[in-house]
Amino acid sequence: MQTLIDETVILRYLLEDEPRTFQQACSVIESGEAYTYPEIFARCAVTLRDVYRVPRSQIGAVLNEVLDDIYVVEDDTVRYANNLFGTSMLDYVDCLFVARNTLKKEHVMSFDKPLMKRTLPYP
C-alpha cells in the first residue's frame, strides 16, 4: 500500500533529530511505498534553508538523494528544481517554474525579472 508523505516525514528522515519519528520515517521511506508531490519538496527546501540554515548547495544535493527513495510526481522536474535551487538564488517554487519551462516547454508569464531571465520564450 502506498503512503502519501509530507515534509515532516522527509525532514525527520533527513535530520534524524527525533529518534521515534526518525524510525517511523525510515520505515515508510525504506519500504519503497512512500510518495509525494513537488510542493512538498518546496516546503522541505524552505524549511531546511530558513529554519535549519542548511546551505542551498547542500539542500539541492540532499533532496536529490532522497528522490531515490521516494516516488515523486514529476521526478524529472523536481530533480531539475533541486539542482537549480542549489546553484541559484531563486525561490524553490521559481525553480519549479523554470524546470517546467525547460523540460516540458510550458510557457511562463511572470513579472518577476530574475525568474524570467531563466525561462525560455515560447510562442
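Numbers given to residues run from 1 along each chain, matching the order in which its sequence is written. Per-residue local features of the predicted model are confined to residues with pLDDT of at least 70, and side-chain atom pairs are confined, for both listing and counting, to 80 or more; whole-chain, interface and lining totals are unaffected and use all residues. Side-chain metrics in this entry use all non-hydrogen atoms of the structure; hydrogen atoms and water are not considered.

Participant: Would you take a moment to explain unusual backbone geometry for this structure?
Facilitator: Outside of glycine, negative phi angles account for most residues, and trans bonds account for most peptide bonds. Residues other than glycine seldom take positive phi values, yet Glu16 does so here, at roughly 50°. Strands here mean DSSP runs of E at least two residues long; helices mean DSSP runs of H or I at least four residues long; both are numbered from the N terminus. Looking at the element boundaries, Glu16 is found in the loop between α1 (7-15) and α2 (19-30). Burial classes: relative accessible area under 20% of the type maximum marks a residue as buried, over 50% as exposed, and values in between as partly exposed (1.4 Å probe, protein chains only). A relative accessible area of 53% places Glu16 in the exposed class. Despite not being glycine, Glu74 has its phi angle at roughly 65°, a positive value.

Participant: Quick question: what am I supposed to make of the pattern of salt bridges here?
Facilitator: Oppositely charged side chains can pair when the atoms bearing their charge come close. We count a salt bridge whenever a side-chain nitrogen from Lys or Arg sits within 4 Å of a carboxyl oxygen from Asp or Glu. Using the criterion set out here, one finds 8 salt bridges in the structure. Linking Asp68 and Arg79 is a salt bridge whose minimum nitrogen-to-oxygen distance equals 3.0 Å. With Asp68 in the loop between α4 (56-66) and β3 (71-72) and Arg79 in helix α5 (residues 75-87), this residue pair connects regions lying 11 residues apart in the sequence. Each member of the salt-bridge network shares a partner with another, and the members are Arg49, Asp50 and Asp91.

Participant: Honestly, α5 in this entry has me stumped. Any pointers?
Facilitator: A helix's residues, less one, multiplied by 1.5 Å, set its expected span. End to end, α5 covers 19 Å across 13 residues, agreeing with the expected 18 Å (1.5 Å per residue, within 8%). Those residues of α5 that sit buried are Thr77, Val78, Ala81, Asn82, Leu84, Phe85 and Gly86. Residues are treated as being in contact if the distance between any of their heavy atoms lies within 4.5 Å. Turning to α5, the residues buried within the fold contact α3 (38-50), α4, β3, α6 (92-104) and α7 (113-118).

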